[in-house]
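Tertiary structure, described
Here is what each chain is made of, one letter per residue.
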Amino acid sequence: MTVEQQARGAAGAGRRRSRKDEILEIAVGLFAARGYHGVSMDDIGAAAGVTGPALYHHFAGKEAMLAAALIPVSEGLLAGGRERAAGRSDDPRGVLESLIDFHVEFALANPAVIALHLHELDRLPEEPRRRIRRLQRLYVEEWVTVLTALHPGMPDGEARVLAHAAFGLMNSTPFLGGEVDRRRRAELLRGATLAALLA
């Protein structure tokens, strides 16, 4: 099966989405598989079943697609992290486990977006790139707050190192093969991340 077929199939799965959402998902899959510069608007149009120029009805260009893929993800991670930490300052271990569950589920559901973020974020213009970086820093601080509550006396800088190490572990999903089923992968990622952060 070609990348285009996989991308088209992914776009057709799940709940009914707008045509713009379908095209964006196809673009993300292609960018993740071939790299941003390895994909043209015509490639995306062919995979989506429309002409390249027709894509401009939905997006101004590839940069706009990349921003549309990455900004909502960063917003969603921050909102989800805040939701899990809200009103639970007396239970840092419970908050940490909830954050790990949340992030592992995100990582398993979105390996193409993670790959795109890892390799292509610097392709964005300065304004959306700065916005994404700011959202990411705020998300990291949710983890720092929990880690410093869990490890009294730990400096914030050390907690940030641990948080980034945990993200590296959980965000390894684009590089994991299919030899282990999704449920077991989730268990392994949750267990390894928790063990690393509690050590």
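What counts and how
Residues numbered from 1 in each chain as written. Predicted model: local features only at pLDDT ≥ 70, side-chain atom pairs only at ≥ 80, totals over all residues. Heavy atoms only, no water. Phe/Tyr/Trp six-rings, centres within 6.5 Å; stacked < 30°, edge-to-face > 60°. Buried < 20%, exposed > 50% of the residue type's maximum accessible area, 1.4 Å probe, protein only. Axes fitted to C-alpha atoms, helices over the stretch in contact; angles between N-to-C directions. Helix = DSSP H or I, 4+ residues; strand = E, 2+ residues; numbered from the N terminus. Parallel < 35°, antiparallel > 145°, perpendicular 65-115°, else oblique. Left-handed = near helix turned anticlockwise from the far one by under 90°. Contact = heavy atoms within 4.5 Å. Nonpolar A, V, L, I, M, F, W, Y, C, P; charged D, E, K, R; others polar. Lys, Arg positive; Asp, Glu negative; His and termini not counted. Salt bridge = Lys/Arg side-chain N within 4 Å of Asp/Glu carboxyl O. Polar contact = N/O pair within 3.5 Å; in protein donor to acceptor, adjacent residues only side chain to side chain.

1. Some thoughts on the packing of aromatic side chains
Here the structure, examined in full by the defined rule, presents four aromatic pairs. Ring geometry for Phe31 and Tyr36: centres 5.3 Å apart, planes at 50°, overall tilted. A single burial state applies to Phe31 and to Tyr36, both of which are buried. Here Tyr139 and Trp143 contribute two aromatic rings whose centre-to-centre distance is 6.2 Å and whose plane-to-plane angle is 80°, an arrangement assigned as edge-to-face.

2. Quick look at the packing of helix H2 (residues 19-34) against helix H6 (residues 111-120)
Packing of H2 against H6 leaves a shortest axis separation of 9 Å and a crossing angle of 55°. The angle between the axes of H2 and H6 places the two elements in the oblique class. Crossing handedness for the pair H2 and H6: left-handed. Residues Val28, Phe31 and Ala32 of H2 touch H6, and the partners they reach there are Ala112, Val113, Ala115, Leu116 and Glu120. Tallied by class, the residues present in the contact of H2 with H6 amount to seven nonpolar, no polar and one charged.

3. Regarding the environment of Lys62
Structurally, the position occupied by Lys62 is in helix H4 (residues 62-85). With relative accessibility at 17%, the residue Lys62 sits in the buried group. In contact with Lys62, not counting residues within four places along its chain, are Phe31, Tyr36, His37, Val39, Ser40 and Met41.

4. Details of the side chain of Thr173
Locating Thr173 in the fold gives a position in the loop between helix H8 (156-170) and helix H9 (182-198). Those residues in contact with Thr173 that sit more than four places away from it in its chain are Ala107, Leu108, Pro111, Ile114 and Leu189.

5. Structural notes on the packing of helix H5 (residues 92-109) against H9
Contact pair H5 / H9: the axes reach a minimum separation of 10 Å and the direction vectors enclose 140°. Taken together, the axes of H5 and H9 lie oblique to each other. When you trace H5 past H9, the crossing you get is right-handed. Here Arg93, Leu96, Glu97, Ile100, Asp101, Val104, Glu105, Leu108 and Ala109 of H5 come into contact with H9, specifically with Arg182, Arg185, Ala186, Leu189, Arg190, Thr193, Leu194, Leu197 and Leu198. Considered class by class, the residues forming the contact of H5 with H9 number 10 nonpolar, one polar and seven charged.

6. Observations concerning the side chain of Lys62
Asp43 provides the closest opposite charge to the buried, salt-bridge-free Lys62, at an N-O distance of 7.5 Å. One polar contact links the side chain of Lys62 to the main-chain carbonyl oxygen of Tyr36, over a distance of 2.8 Å.

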